[in-house]
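If you want the building blocks of each chain, they are given just below.
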Amino acid sequence: MYDRKKLKDIPQNPGIYMMKNAAGDIIYVGKAINLRNRVRQYFQSSKNLTPKTVTLVSHICDIETIVVDSELEALILENNLIKEHRPKYNIRLKDDKSYPYIKVTLEEDYPKVLMVREHKKDGGKYFGPFTSAFAVKKTIEAIGKLYPLRRCNRRVAYGEKNGRPCLNYHIGQCCAPCQGKVTAEDYRVYVDEVLAILNGQDKALVGQLEQKMKAAAAQMDFELAAKIRDQIFGIQHIVEKQKIITGSQQDQDIINFARDGELACVQVFNVREGKMLGRDHLFMDGVLEALDEEIITTFVKQYYASKPFIPKEIILGVPLLAEEVSGIEAWLKSLRGAKVILTLPQKGRKSKMVDMVAENAQLTLKQYLLEKRQKEEKKKSRLDALKDLLQLDRLPEKIEAYDISNISGTDNVGGMVVFTGGKPDKKAYRRFKIKAVDGQNDYASMQEMIFRRIERGIAEQKEGKETGSFLPFPQVFCIDGGQTHVDAVRSIVSMYPQLDIAVCGMVKDDHHRIRGLVYRGEEYPLKRSTPLCTFLSDISEEVHRYALGYHQTLRKKGMLASRLEEIPGIGKKRREILMRHFGSLANIEKARLEEIQALPGMTEGSARAVADYFDKAKNKESESNEQQ
């Protein structure tokens, strides 16, 4: 619990405060013009606080502050810290996906048009981000049919020929600058027209092309006129889906949201030069007790902190927190390099636009919640089916699966994978190097692994733990094998009458596909494509992959390390000393003679033998390369 006496030591400057729990984790980040006054508000009577804030305060054990010169600096720092630490009690953006951009590589003499996922300051011209990668690909495809821009990565320059022209040249979709016959100035004409289209300046371009088409027709050059006509139709096709929603010709973002419980969906419509070029939606969690103004304020700060382009006007469906407006306006101005207008329309065209955005947000949120509910129902149906098949008293929320991997009894290992709530819990996966079993005996190896797993769980219980590396115990052990494997494991589990764990075996057919489940002396066949069969197949494949991967890793290490024993004077002990110190054969090969000799247990003769061994190996490799 936080010592309130420390409140008097908090500075009264502008800055940010980070609240930490007993483990030292940051659980909340906030900003304030006066840090002391703001933090004191958290420790007033609980009657004046929301339940969420009361819970937050109960977990605070320490408060760290960072003082800055202005509210603007505090806002920027707050955004950065929330993004880095993702505190539990902050409202957070859930969606961190990367959206596609259209890039024109203006940093090159002969630019290309590409789809990229990252905006860089590399001299290229970026358009977006767009929410549909499919639409971006179709746009680039349409541009490629209209303008013969290069698509390859060859080095091109006027007067220099580089290879033969590709297929795109022969079908009229590349002017082949790789042949050295196209000047950068002539090529730039195509690029400028593409930039005009992507900037939404298609009317002037279409007007120019119409004049060229009429002139060509007047001169009886109907082939050229038809080509220009097709070009006009292509440009109109590219821009026809960019719905005109305002006559202002401005760059605008229109933002509104819908909420349901802990979740809010914020929708952003991107308008560029009066045309809606795309829309974006992101989800925010932890909003149950938040005001609408708090949600939109948090979104604006976090959204534009990572955006390379800031529009001239941001139209909001909900007002920002009054005390944040001036700071956000100054911050947006610093990002854009010019004033940004924040608008809250009450009537007219802009008001209808924010209503449309809100409606889209509501539809998106409903769809998201529906899909989420369907996934949960699917997961529950799989667990319910397993519960009914095994006649369990409760849903098997935690399932552990085991498999053994070896080759003729060498490098004998086991793998344990964990499924919690029907999903893989990879942090709980564990690997076992079988110690007490010599040779190939999968049953005894499985018994050793299960015994060690249970003993470790009981040891954690004796330490007073409820959760740990091997706690809680699962409801089901799934063994990769048949009845004999199950009997071997049951004999171990029966030694611990306090444990109530069902043991079943996943039996496979000749094609290594799961065919049934062995439980209590019976095999229950599984119909393919049913939710339960799919679920158990996923478990079986995952545990097999995990155990086999560990076996292959150990085998590779053993094969590499055994090479050292080919060296005269290097036995098992010296091999272990060398591998423990250097970590790999590559590092031993690079080591100096003095460094090897300095290791405990190494003599001048043995060190010299190691150095000579790798020198000879290098010479053989170089001779082999020369012969080739």
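All of these numbers come straight from a predicted model, not from anything done at the bench.

### Notes on the overall build of the chain
In terms of helices and strands, the chain carries 18 helices and 20 strands. The 628 residues of the chain split such that 45% are buried. Contacts in the chain between residues at least 24 apart in sequence constitute 59% of all its contacts with a sequence separation of at least 6. Of the roughly 34,500 Å² that the chain leaves accessible, carbon and sulfur atoms contribute 49%.

### Things to note about the pattern of salt bridges
In this structure the tally under the stated criterion is 25 salt bridges. One salt bridge in this structure joins glutamate 160 and arginine 155, with 3.1 Å as the shortest N-O distance. Owing to a relative accessible area of 39%, glutamate 160 belongs among the partly exposed residues under this scheme.

### Side note on helix α11 (residues 349-390)
Because an α-helix packs 3.6 residues into every turn, residues spaced three or four apart end up facing the same way. Taking 1.5 Å of rise per residue, 42 residues should cover 62 Å, and α11 covers 62 Å from first to last C-alpha, within 8% of that figure. Of the residues trailing α11, glutamine 391 is marked for its positive phi of about 55°.

### Topic: the sheet that holds strand β6 (residues 113-116)
Across the sheet, three strands lie side by side as β6-β5-β7; this open sheet has antiparallel pairing. A strand with exactly one partner marks an edge of an open sheet, and here the two such strands are β6 and β7 (125-127). Each strand axis lies, on average, 30° off the axis of its neighbour in the sheet, ignoring direction. In this sheet, β7 lies alongside strand β5 (residues 101-104) in antiparallel orientation, the contact comprising three bridges.

### Focus on the packing of helix α12 (residues 442-462) against helix α13 (residues 483-493)
Where α12 contacts α13, the two axes come as close as 9 Å, and the packing angle between them is 35°. Like other packed secondary-structure pairs, α12 and α13 cross with a definite hand, here right-handed. Contacts from Asp442, Tyr443, Met446, Gln447, Ile450, Phe451 and Ile454 of α12 reach α13 at Thr484, His485, Ala488, Val489, Ser491, Ile492 and Val493. Taken together, the residues that form the contact of α12 with α13 break down as nine nonpolar, four polar and one charged.

### A word on the packing of aromatic side chains
For the structure shown, the criterion picks out 13 aromatic pairs. Between the aromatic rings of tyrosine 17 and tyrosine 42, the centroid separation amounts to 5.8 Å while the plane-to-plane angle is 70°, which identifies the pairing as edge-to-face. Linking tyrosine 17 in strand β1 (residues 15-20) with tyrosine 42 in the loop between α1 (35-40) and α2 (51-59), this pair joins segments that are 25 residues apart in sequence. According to the relative accessible area criterion, tyrosine 42 is buried, its value standing at 6%.

### A short note on the side chain of arginine 382
Take arginine 382: it is sitting in helix α11. The side chain of arginine 382 sits in the buried core without any salt bridge; aspartate 538 is the nearest counter-charge, 4.3 Å away. One polar contact links the side chain of arginine 382 to the main-chain carbonyl oxygen of glycine 422, over a distance of 3.2 Å.

### A word on the sheet that holds strand β3 (residues 62-67)
Read across the open sheet, the three strands follow the order β2-β1-β3; overall the sheet is antiparallel. Two strands close off the open sheet at either side, each with one partner strand: β2 (26-32) and β3. Across the sheet, the axes of successive neighbouring strands diverge by a mean angle of 20°, strand direction being ignored. Examined bridge by bridge, β1 and β3 share six bridges and lie antiparallel to one another. In the strand pairing of β3, methionine 18 is matched with glutamate 64.

### A few points about the nonpolar core
Ranked by internal contacts, the top residues of the largest apolar core, which has 28 residues, are Tyr402, Ile450, Ile454, Phe477, Ile479 and Val489. Among the secondary structure elements, those contributing two or more residues to this core are β13 (398-407), β14 (410-420), α12, β17 (476-479), α13 and β18 (502-508). A total of five residues in this core trace back to one element, the largest contributor, which is α12. In contact with tyrosine 402, not counting residues within four places along its chain, are Gly415, Met416, Met446, Met449, Ile450, Arg453, Phe477, Cys478, Ile479, Asp480 and Val543. With 27 residues, the next largest nonpolar core counts Phe127, Val136, Ile140 and Tyr187 among its residues.

### A few points about the pairing of β2
Along β2, seven of the seven residues are buried, which leaves the element largely enclosed by surrounding structure. In this sheet, β2 lies alongside β1 in antiparallel orientation, the contact comprising six bridges. Paired with methionine 19 across the strands is tyrosine 28, a residue of β2. What sits between β1 and β2 in their antiparallel hairpin is a turn of five residues, with glycine 24 showing a positive phi close to 85°.

### Observations concerning the environment of aspartate 487
In this fold, aspartate 487 is placed in helix α13. Sequence separation of aspartate 487 and tyrosine 519 is 32 residues, and the distance between their C-alpha atoms is 9.8 Å. A polar contact of 2.8 Å, which involves the side chain of aspartate 487, links it to the side chain of glutamine 483.

### Re the pairing of β17
Every second residue of β17 is oriented toward a common face, with Val476 and Cys478 on one face and Phe477 and Ile479 on the other, all of them buried. In the classification by handedness, the crossover that spans β17, the intervening α13 and the parallel β18 is right-handed.

### As for the packing of helix α9 (residues 292-304) against helix α10 (residues 325-336)
Viewed as axis vectors pointing N to C, α9 and α10 meet at an angle of 15°, and their least axial separation amounts to 11 Å. Taken together, α9 and α10 sit at an angle that is classed as roughly parallel. Of the two elements, α9 crosses α10, and the hand of that crossing is left-handed. For the pair formed by α9 and α10, the contact residues are Thr297, Val300, Lys301 and Tyr304 on the first element and Ile328, Trp331, Leu332 and Leu335 on the second. Class assignment of the residues belonging to the contact of α9 with α10 gives a composition of six nonpolar, one polar and one charged.

### Some thoughts on the state of the cysteines
Taken as a whole and judged by the stated rule, the model has zero disulfides. No disulfide involves cysteine 504; its sulfur sits 3.6 Å from that of cysteine 478, the nearest cysteine.

Basis of the calculations
- Residues numbered from 1 in each chain as written.
- Predicted model: local features only at pLDDT ≥ 70, side-chain atom pairs only at ≥ 80, totals over all residues.
- Heavy atoms only, no water.
- Helix = DSSP H or I, 4+ residues; strand = E, 2+ residues; numbered from the N terminus.
- Buried < 20%, exposed > 50% of the residue type's maximum accessible area, 1.4 Å probe, protein only.
- Contact = heavy atoms within 4.5 Å.
- Areas by Shrake-Rupley, 256 points an atom, 1.4 Å probe, with all protein chains shown as cover.
- Salt bridge = Lys/Arg side-chain N within 4 Å of Asp/Glu carboxyl O.
- Expected span 1.5 Å × (residues − 1).
- Pairing = 2+ DSSP bridges.
- Axes fitted to C-alpha atoms, helices over the stretch in contact; angles between N-to-C directions.
- Left-handed = near helix turned anticlockwise from the far one by under 90°.
- Nonpolar A, V, L, I, M, F, W, Y, C, P; charged D, E, K, R; others polar.
- Phe/Tyr/Trp six-rings, centres within 6.5 Å; stacked < 30°, edge-to-face > 60°.
- Lys, Arg positive; Asp, Glu negative; His and termini not counted.
- Polar contact = N/O pair within 3.5 Å; in protein donor to acceptor, adjacent residues only side chain to side chain.
- Core = buried A, V, L, I, M, F, W, Y, C linked by side-chain atoms within 4.5 Å.
- Right-handed = clockwise from strand over helix to strand, strands pointing away.
- Parallel < 35°, antiparallel > 145°, perpendicular 65-115°, else oblique.
- Disulfide = S-S within 2.5 Å.

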